[in-house]
Amino acid sequence: MTVRLHWFLPTTGDDRNVVGVTARDSLQSRATARPPTLDYLAQVARAAESAGFEAVLTPTGSDCEDSWLTTAALIPQTSRLKFLVAFRPGVIAPPLAAQMTATYQRLSGGRLLLNVVTGSDADEQRSYGDFLAHDGRYARTGEFLHLLRTAWRGEAYDFEGDHYRVAGGRLRRPPLARPPVFFGGSSEAALPVAARYADTYLTWGEPPAAVARKIGRVRELAAEEGRELSYGIRLHVISRDTAAEAWAEADRILDALDPVAIRAAHERFSRSESEGQRAMAALSGGRTDRLEIHPNLWAGFGLVRPGAGTALVGSHEQVAERIEEYAALGIEHFVLSGQPHLEEAIRFGECVRPLLTRQLSYL
């Protein structure tokens, strides 16, 4: 089994409590203890690099700093760390995206990975000027990725589809190395697009049985396309010397959550267009008394935080065992985070990563 470890860049800000709660979900101030300054983000990036992580995921959305500009500024602050840049294909033209990725590859020495985010909730999509419905966004993403791969070849091309039209397109300086494409989405509209165009299918941290079913379906669709994908998972981590210490930290985080925010978030997440977001909400049911949904898998973050809502909680040995459990299903890429991201990157690198290198083929 192969494990590739990635960390998270907190461009919304960082704290010892849950960060990522949208303004509509809480009556409390959204100010964080550590604003996402370039200096702080550089500290996190360098800590992740030193801890042995291959890349850092940089999110996209109206609550965070722009992922392209932020990670480009961090290129000279690091030496080998890769940047998994999340972006939305609906708000950028494919030929321009191809040019941006090619430039990024040259400036970074080939350190770009792409995380294609087809959409968020409908309100946020409209705030970016995108009024397509859910299934239409995935159809557009398919055309976008087709055009991106076409442009990367450096040949002249024309294209006319349902969502894009290009005449006389050509990327005159194509990338020397094509950046890998990470893609997430749980709906029936999403999975065929992943099977046809993604290099890595990325899922949120559901229990292993649910993850196995999902990647099994993607494998089937990819086989029909004559392709094989790699698979990744997005999880938070609360890892301590003992299980008791880890669960005490989870309880501390839970106690700091606003009950008003929990109720508001659960109502909104349960109505989300995103099948994955609804699945995250269903794991807790908006309740705080049954959050361990699988051994060492805690759904507390998803009570208020959109997106990835589960954390691996336990001793360093238990966290390593759960990673091994997911790896046995075929999960290769683990995109992890812990709050605050600076200290937790170091802790994971010192305490969990050595346990994985003993058991797995670690890259």
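Keep in mind it's a predicted model, so treat the numbers as computed, not measured. (Residues numbered from 1 in each chain as written. Predicted model: local features only at pLDDT ≥ 70, side-chain atom pairs only at ≥ 80, totals over all residues. Heavy atoms only, no water.)

*Asks:* I'd like a rundown of the overall build of the protein, residues and numbers included.
*Replies:* Each helix and strand counted, the protein has 13 helices and 14 strands in total. Taking 21 Å as the expected radius of gyration for a compact globule of 363 residues, we find that the protein reaches 20 Å, a close match to that expectation. In terms of principal-axis extent, the alpha carbons of the protein reach across some 60 × 40 × 40 Å. Restricting to contacts in the protein with at least 6 residues of sequence separation, those with at least 24 account for 74%. (Helix = DSSP H or I, 4+ residues; strand = E, 2+ residues; numbered from the N terminus. Rg over C-alpha atoms; globule rule 2.2 N^0.38 Å. Contact = heavy atoms within 4.5 Å.)

*Asks:* If you had to explain the packing of aromatic side chains to someone new, which residues and values would you point to?
*Replies:* Under the counting rule described, the total for this entry stands at nine aromatic pairs. Ring centres 6.5 Å apart and planes at 65° place the aromatic pair Y201 and Y231 in the edge-to-face group. Placement of Y201 in strand β8 (residues 200–204) and of Y231 in strand β9 (residues 230–240) is noted, with a sequence separation of 30 residues between them. Summarising the burial analysis for this pair, Y201 and Y231 share the class buried. Here the aromatic cluster, defined as three or more aromatic residues joined through ring pairs, consists of W68, F87, Y104, F144 and Y164. Lying over the aromatic face of F8, R305 brings its terminal NZ or CZ to 6.0 Å of the ring centre. (Phe/Tyr/Trp six-rings, centres within 6.5 Å; stacked < 30°, edge-to-face > 60°. Buried < 20%, exposed > 50% of the residue type's maximum accessible area, 1.4 Å probe, protein only. Lys NZ or Arg CZ within 6 Å of the ring centre and 35° of its normal.)

*Asks:* Account for the packing of helix α1 (residues 38–50) against helix α12 (residues 341–351), with residues named and values stated.
*Replies:* Contact geometry of α1 with α12 gives a least axis separation of 9 Å together with a crossing angle of 5°. With respect to each other, α1 and α12 are oriented roughly parallel. Counted together, Y40, Q43, V44, A47 and A48 of α1 and H341, L342, A345 and I346 of α12 form the full contact between these two elements. Of the residues belonging to the contact of α1 with α12, the class tally is seven nonpolar, two polar and no charged. (Axes fitted to C-alpha atoms, helices over the stretch in contact; angles between N-to-C directions. Parallel < 35°, antiparallel > 145°, perpendicular 65-115°, else oblique. Nonpolar A, V, L, I, M, F, W, Y, C, P; charged D, E, K, R; others polar.)

*Asks:* Before we move on, could you go through the pattern of salt bridges and cite the residues and values that matter?
*Replies:* Inspection of every chain in the model, using the stated rule, returns 20 salt bridges. Here K214 and E206 are joined by a salt bridge, their closest N and O atoms 2.7 Å apart. Look at K214 and you get buried, because its relative accessible area is 13%. The class of E206 is buried, set by a relative accessible area of 12%. (Salt bridge = Lys/Arg side-chain N within 4 Å of Asp/Glu carboxyl O.)

*Asks:* Describe a negative patch on the surface, and please don't skip the residues or the numbers.
*Replies:* On the surface, a cluster of negative charge is contributed by D241, E245, E317 and E321. Residue position: E317 is located in helix α11 (residues 316–328). (Patch = residues over 30% accessible without salt bridge, like charges linked within 9 Å, V, L, I, M, F, W, Y side chains within 5 Å. Areas by Shrake-Rupley, 256 points an atom, 1.4 Å probe, with all protein chains shown as cover. Lys, Arg positive; Asp, Glu negative; His and termini not counted. Charge placed at Lys NZ, Arg CZ, Asp CG, Glu CD.)

*Asks:* Got a sec to walk through unusual backbone geometry? Specific residues and values, please.
*Replies:* Cis rather than trans, the peptide bond between Q339 and P340 has omega equal to -5°. As for its placement among the helices and strands, P340 is situated in the loop between β13 (331–337) and α12. For N296, which is not glycine, the phi torsion reads 70° and is therefore positive. Looking at where N296 falls in the secondary structure, it is placed in the loop between β10 (292–294) and β11 (297–298). The class of N296 is buried, set by a relative accessible area of 7%.

*Asks:* So, the nonpolar core: which residues are in play, and what are the values?
*Replies:* In this structure, F53, L145, F183, Y326, F334, L336 and F348 are the most contacted members of the largest nonpolar core, which totals 77 residues. Leave out the neighbours within four places in its chain, and L336 touches L5, H6, W7, F8, F53, R234, L235, V237 and F348. A261, M280, A299 and L303 belong to the second largest nonpolar core, which has 19 residues in total. (Core = buried A, V, L, I, M, F, W, Y, C linked by side-chain atoms within 4.5 Å.)

*Asks:* Explain the confidence of the model for the protein residue by residue, including any values.
*Replies:* Looking at the protein, pLDDT values average 93 and 95% of them are 70 or higher. For residues 22–29, every residue scores under 50 in pLDDT, and the model assigns this stretch 21 contacts once sequence neighbours within four places are set aside. (pLDDT = per-residue confidence, 0-100.)

*Asks:* For helix α8 (residues 243–255), give the residues involved together with the corresponding values.
*Replies:* With 13 residues, α8 should reach 18 Å at 1.5 Å per residue; the first-to-last C-alpha distance of 18 Å fits that figure. Within the sequence span of α8, burial applies to A246, E249, A250, I253 and L254. End-on, the buried residues of α8 take up no more than an arc of 140°, which puts them together on one face. Exposed residues on α8 whose side chains face more than 90 degrees from its buried face are A244 and D255. (Expected span 1.5 Å × (residues − 1). Arc of directions from axis to C-beta.)

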